[in-house]
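Survey of secondary and tertiary structure
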Amino acid sequence: MRSVLKFRWLIVSFLLIATVGLFMLSPNLTKQAEEAGTFQLPEDADSRIAADILEKANATDETISVVYSLKEGMAADKKAEIEQTSNEIKALGKPVEDVLNPFENEELEKQLVSEDKKTVLIPITVAGSESDVLDLTEKIRSDILPKDEEVYVTGETIINHDVDMSAQAGLKRTEVITVILIFALLLIVFRSFVTPFIPLIAVGVSYLLSQSIVAFFIDWFGFPVSNYTQIFLVAVLFGIGTDYCILLLSRYKEELQAGHSIEDAIVNTYNTAGRTLFISALAVFIGFSAIGFAEFPIFKSAVGVAVGIAVLLLVLYTLIPFFMALFKDKLFWPSKKAASHQDSKVWIAFSKVSVKRPVVSILIVAAITVPILLSYNNDISYDMTDEIDKNYESVKGLRAISEAFGDGDSLPVKVVIKQDSEIIKENVVPYIEVLSKEIEKLDDVKIVRSITRPTGEAIEEMYVDHQLGLMADGMREAIGGLEEIQKGLTQVQGGLTQTGKAIPSGREASAGGQQLRQAAEGIEQINEQIEKITGGLQLGLSPEEAAGSLQVLSAELQGISEGINLAASQIEQSGSQVGELGNGLNEMSSGVNASAKGLEEIGTGLTELRNMLNDMSETEIVRDTGLFIPKGTLDDEQFKPIIDQYTFGDETGAFIEVILEDNPYSPEAIDTIQDIKTTIERVVIGTPLENVSITYNGVSSINSDLKDVTSDDFNHSVTIMLICLFIALAILFRSVIMPFYMIASLLLTYFTSVGVAEIIFVNILGYDGITWAVPFFGFVMLIALGVDYSIFLLDRFREESINGLTVKDALEVSMAKMGTVIMTAAVILAGTFAAMMPSGVLSLIQIATIVITGLLLYGLIILPLLIPAITVSFGEGVWWPFKQRRKISETRK
């Protein structure tokens, strides 16, 4: 420290030049956080895989919606206006791919206009990047939509962008409020106009320098970053930085009042309080560094605070001694006393309970914490719309859709099916329908749309029972046709018989008459055959046999028709009066010929029926799915729009769109996603879809992945953090017992604090739960920062023990000397987090609530009551397995 004081001007000059230079040259940390995005799921998460698949297939089209919220329902002029709006948006061109006019047809109107006619949607398909979507949104709002009506533009990208913007705006408010609040608190604590500027300058330099270094690390090493990085840098550095300054300045004043010179006072301050500060900062550094072992990038992004702690230590060991040496005892002008230097009467009172009656003290802590712990349900919310003000357009639009069409209609779930080869085949599509049907059976699923059910209703023509019904109808029609042919042939037969009797016995006429009689007999025989076939079909004769017989009879009828024509010619040549009958015979011939063609057509129909039945009998698809798609159906031009809508990647992939009953952000929606996954895993076994890639996209799927990732990562990261803290504290305090109950007391504080937050936000304010990121960050903040205060107390206890005091005496002195410092530090740090309250970002407000509750609970209840009680209970065993080294024959100053 004496070397630092000797070269203080050089060191401080270099520090300030480095701070300004790096700040000027470093990348923009705010922009880096924006580019990183709201969600940064691991690469193996379902929704991340789905997004990658769609991106590689150039199928990243997103649907945003223009939402008309009408007060008086649909009028004719309003309908025309909405149609005009959809046409103008379509005319914008790229990145607009398609715009649905809600009044184009009845089916679209049913889907896009609410039942009360007061909410109308214009879905817009956009192909482009996030910035393209946002630019288009702004253009629609500014150039097309009316300014005097309730018309909103909403969509997943727009909502996520608004969340980012809200967080950045909250950060700016937090920075300003933090500085003002800390200055005011320091003014009260030190009762000086000079002292408050010292911590603010030191922490300000630390913040600017660490922010620049973190920004460079992000560019150079891919350091994790999110909106939380900058926010926590502000909160933690200003919070504990101020606390550490209070610790140093308080000890410095104590040394001055003990009569030491300025240089000796500074050196002694850093030999005592400086050691405590180093241990505390090291614990915080270890806590935040341990976050680097997290897998979830959002959680990992708080590791930047560890960089800030390292920079803060550098500044506190260089800039603060500089100010101490510069201002000397004028540092505290005009006050000669500071609240932080007085013995704490409150903690002296606490010590009479915790040190002398440890059991009573422990029972008091239990009475306060246990009821809250028992009420804690660990309710977690994944609703990102809660993060931002309800006055944002994107949120208003989402609410309007939910209220008019149902919660799930606003942001559906996409089941993404992908394989390397073509998937849209007659032997695969039926299994997509099976998946769709099974998903639709789930309780919380409202509608399922896919290639086999584009409107949400299954295409009946694909089901075998429907096809068999059509076949039965065709069979009845065939039988009816045969009966009609029979009637026609019977009439022809009768006409031929009468004509034959009327012909005289002339040679030519006689020959014609003979021909007619033979034709009549042939028709009679054919009619008998047709009657047998008709009866056979009714009794189960196979279509194949019936078709063969009908083809033979058709040929015979054609021969009879030719015979009748020949007879008519012979009769006409006879020149007799009977020759006039020739014209009538020609008509009979045409009738017979038509009957022959009718039999041929019926035979062809029966052949097709036979072929279809054969195809059905030869495929396992019918038995597995109850569906049968005839060859060529999927190539039909009428089916092409459906294929285009529900496939991608040159028909190597397909979508199933699932509309949920619940809010897509709700915990219930996440449970439904898990049900969908379980259902699909079960249904695809033994089908062509068993080995294809099936992933899930959409808000509910993202939140489902978030739940899995954050839960696993919380347990993983917290375990590593606590182990690292335990080892560090065990080495620094030369005790295994002390770190154990220090950490246990912090865990008790955390769970009690999060229980209080749950009571406030869930039970009272009615939110679904604590926002998903809050438990992790609340834990890290409270443990890493709260451990400081136990270090402040127990390191002073260690110092007093070394000086020869008993455990009880050492605790009483430590509590008296450190009580005010700890309470002041806790209030200032709580005040720093209180600056998050006006941010308007729910997760920050909840984190602030947990940290503030925890710090005050720890600083005012658990630390003065529980820690001393446990320490006294262990006695000298608190140093196990080591022994405390004491200064022999040295009296306290």
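This write-up is about the structure you can find in this document. Worth saying up front: this structure is predicted, and the values here are computed from it rather than measured.

Some words on the overall build of the protein
Scanning the protein for helices and strands turns up 30 helices and eleven strands. Relative to a compact globule of 893 residues, whose C-alpha radius of gyration would be 29 Å, the protein shows 43 Å and is clearly more extended. Expressed as lengths along the three principal axes of its C-alpha atoms, the size of the protein is roughly 160 × 60 × 50 Å. The burial tally for the protein puts 55% of its 893 residues in the buried class. For the protein, contacts bridging at least 24 residues in sequence account for 81% of all contacts bridging at least 6. Counting every atom, the protein has about 38500 Å² of accessible surface; 55% of that belongs to carbon and sulfur. Looking at the protein, you have 68 positive and 115 negative side-chain charges, and the mean spots of the two groups are 18 Å apart.

Details of the sheet that holds strand S1 (residues 62–69)
Neighbouring strands of a sheet are bound in pairs by backbone hydrogen bonds; such pairs are parallel or else antiparallel. Spatially, the four strands line up as an open sheet ordered S2-S3-S1-S4, and their pairing is antiparallel. Looking at strand neighbours, the two that pair on one side only are strand S2 (96–99) and strand S4 (151–154), the edges of this open sheet. Geometrically, the sheet is characterised by an average inter-axis angle of 25° between neighbouring strands, direction not taken into account. As paired strands, S2 and strand S3 (residues 119–126) are joined by three bridges and run antiparallel to one another. Along S3, the bridge assignment pairs Val99 with Ile124. Sitting on the sheet, helix H5 (residues 76–90) is in contact with S1, S2 and S3, with an inclination near 160° to S2. Lying over the sheet, helix H7 (residues 130–143) contacts S1, S2, S3 and S4, oriented at roughly 20° with respect to S1.

A short note on the pattern of salt bridges
In the structure shown here, the tally under the stated rule is 24 salt bridges. Glu81 is the salt-bridge partner of Lys78, the closest N and O atoms lying 3.1 Å from each other. Within this pair, Lys78 and its partner Glu81 are both found in helix H5, separated by three residues, close to a single helical turn. In this structure, a network of salt bridges that share partners links the residues Arg2, Glu263 and Asp264.

Calculation notes
- Residues numbered from 1 in each chain as written.
- Predicted model: local features only at pLDDT ≥ 70, side-chain atom pairs only at ≥ 80, totals over all residues.
- Heavy atoms only, no water.
- Helix = DSSP H or I, 4+ residues; strand = E, 2+ residues; numbered from the N terminus.
- Rg over C-alpha atoms; globule rule 2.2 N^0.38 Å.
- Buried < 20%, exposed > 50% of the residue type's maximum accessible area, 1.4 Å probe, protein only.
- Contact = heavy atoms within 4.5 Å.
- Areas by Shrake-Rupley, 256 points an atom, 1.4 Å probe, with all protein chains shown as cover.
- Lys, Arg positive; Asp, Glu negative; His and termini not counted.
- Charge placed at Lys NZ, Arg CZ, Asp CG, Glu CD.
- Pairing = 2+ DSSP bridges.
- Axes fitted to C-alpha atoms, helices over the stretch in contact; angles between N-to-C directions.
- Salt bridge = Lys/Arg side-chain N within 4 Å of Asp/Glu carboxyl O.

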